[in-house]
Amino acid sequence: MAKKSQNTNLTLAKANKKDEFYTQLSDIEKELKHYKKHFKDKVVLCNCDDPRVSNFFHFFSYNFEKFGLKKLIATCYKSQDMDLFSQNASEKAIYLEYDGDKNGDNVPNPEEIGIKHLQGDGDFRSAECIELLKQADIVVTNPPFSLFREYVAQLIEYDKKFVIVGHQNAITYKEIFKLIKEDKLWLGFGFTGGAGHFINTQYEDYATAGDHKEGMIRVSGVHWFTNLDINKRHEDLILFKKYSPEEFSTYENFDAINVDVTKQIPVDYSGIMGVPITFLDKYNPDQFEIIGLGISNSGIEVGVQPYKLEHKKYRKEIQKRGAVDGDLYMMKNNIVEVPYARILIKNKKL
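As a convention, each chain's residues are numbered from 1 in the sequence order in which they are written. For this predicted model, a pLDDT threshold of at least 70 governs which residues receive local features, and a threshold of 80 or more governs which side-chain atom pairs are given and counted, while totals over whole chains, interfaces and linings are taken from all residues. Values reported for side chains reflect all heavy atoms of the structure, with hydrogen atoms and water molecules removed beforehand.

> Would you take a moment to explain unusual backbone geometry for this structure?
Glycine aside, the phi torsion of most residues is negative, and most peptide linkages are trans. For aspartate 41, which is not glycine, the phi dihedral falls at a positive 60°. In this text, helices come from DSSP runs of H or I with a minimum length of four residues, and strands from runs of E with a minimum of two, each type numbered from the N-terminal end. With respect to the element layout, aspartate 41 can be found in the loop between α2 (25-32) and β2 (43-46). The residue aspartate 183 is not glycine, and still its phi comes out positive at about 60°. As for its placement among the helices and strands, aspartate 183 is situated in the loop between α7 (174-181) and β8 (186-187).

Okay, structure coming up:
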């Protein structure tokens, strides 16, 4: 998908609250195989799912015994116009319960799945859906991108473990970044190439011919967010590049160097570094310390200085990129240069 068209689609999704990008079964399988040990004897909730098109209920019901689950619950928002096991349209919100195979065929048959009506519309914020959340040990789903802050806040409030899909831009949300910094949330293994194909009929897919998949939309920058421990987050990032002041610019308004690519983090630099948000895909809390986020108010909070008086004249030229006080910036050839969002880190082992 062309970046501009893709961003337009995501903007429309947020504006219209129609950002329901249903996740492929193959992507769910690829990610959740790394978490199997966490699921034994656990109640799993998929609370942003229409089982007609969502593959989360499918995955967990067919892998119920393999994962050793105790119970599986999935809620469905009422506007989905579905009745999972018949051709009858339904305007009722429902939830499904499955507690394992009963007839020995290792297949979740309709008669083994409890279908119950909800009184409300199935919104994850409703009182009855919160009661279901309280029953759960682990929540696994693809929540609406437009409600990501609110969705994660609810999971934290009720002290739930989770594996959920979100856009990497959520990293820069103040509420989400705080959780990352406090080691309460981190990135999972991710989608191949940092992009996912999702079932969605709302928007045109502008992917290139090689990436296009009929009936799906390609979204770049999506990731898995979790608070379940995984081996990946304990693996050191292998560093090889040596620091030199000629190669690494220093910010004009904060005592740190700029690193454009994660793999080029210098092996011998003990000071603060500004790295791309994609660094979090390789982040090991035993190897690095997160100082803060170098954008806007988050930057000001960690000591990023406002634009110097003589540099404010450049603000209008770069304002289209969202440059504001608190953003890190550099001077190159006497011109202000503002990199995309940077996370400020230090190497703990130096």
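> What is the right way to read the side chain of histidine 311 from this model?
Residue position: histidine 311 is located in the loop between α8 (296-301) and α9 (315-318). Polar contact is defined as a pair of N or O atoms within 3.5 Å, subject to the rule that within protein one atom must be able to donate a hydrogen and the other to accept it, and that residues adjacent in sequence are counted only when both atoms are side-chain atoms. Within the structure, the side chain of histidine 311 is placed 2.8 Å from the side chain of tyrosine 329, a separation counted as a polar contact. In what follows, residue pairs with any heavy atoms lying within 4.5 Å of each other are defined as contacts. Residues contacting histidine 311, with those up to four places away along its chain left out, are Glu252, Tyr329, Met331 and Val336.

> Would you mind showing me how to read the sheet that holds β2 here?
Think of a sheet as strands paired side by side through backbone hydrogen bonds, with each pair either parallel or antiparallel. Here eight strands make up an open sheet; going across it, the order is β5-β4-β3-β2-β6-β7-β11-β8 and the pairing mixed. A strand with exactly one partner marks an edge of an open sheet, and here the two such strands are β5 (114-117) and β8. Sheet analysis places β2 next to strand β3 (residues 71-76), joined by four bridges and oriented parallel. Of the residues in β3, the one forming a bridge with leucine 45 is isoleucine 73. DSSP calls a pair of strands paired once it identifies at least 2 bridges connecting them.

> Help me understand α7, please; the structure alone is not making it clear to me.
Working note: α-helix, 3.6 residues per turn, so residues spaced by three or four point in the same direction. Listing the buried residues of α7 in full gives Ile176, Phe177, Leu179 and Ile180. The arc that holds the buried residues of α7, viewed along the axis, is 155°, so those residues lie on one side. Buried residues in α7 make contact with α6 (148-157), β14 (288-293) and β17 (342-347). Once α7 ends, the next one or two residues include aspartate 183, with phi positive near 60°. Under the scheme applied here, a residue whose accessible area is under 20% of the maximum for its type counts as buried, over 50% as exposed, and between as partly exposed, the area being computed with a 1.4 Å probe on protein chains only. Our arc is simply the arc of the directions from the helix axis toward the C-beta atoms.

> Hey, could you run me through the state of the cysteines in this one?
The bond known as a disulfide is covalent and runs between the sulfur atoms of two cysteines. The disulfide definition used here is simple: a pair of cysteine sulfur atoms within 2.5 Å. In total, this model carries zero disulfides according to the counting rule given. Among the cysteines around cysteine 48, which has no disulfide bond, cysteine 129 carries the closest sulfur, lying 9.0 Å off.

> Quick question: what am I supposed to make of the sheet that holds β14 here?
Reading across the sheet, the four strands line up as β12-β13-β17-β14 and stay open at both edges, with mixed pairing between neighbours. With partners counted over all chains shown, the strands left at the sheet margins are β12 (257-258) and β14, one partner each. With two bridges connecting them, β12 and strand β13 (residues 273-276) associate as parallel partners. Bridging across to β13, isoleucine 257 finds its partner in methionine 273. Helix axes use the C-alpha atoms of the stretch in contact, all axes being lines fitted to C-alpha atoms, and the angles between their N-to-C directions lie in the range 0 to 180 degrees. Packed onto the sheet, α7 meets β14 and β17 and runs at close to 160° relative to β14.

That's the geometry; what it means functionally is another story.
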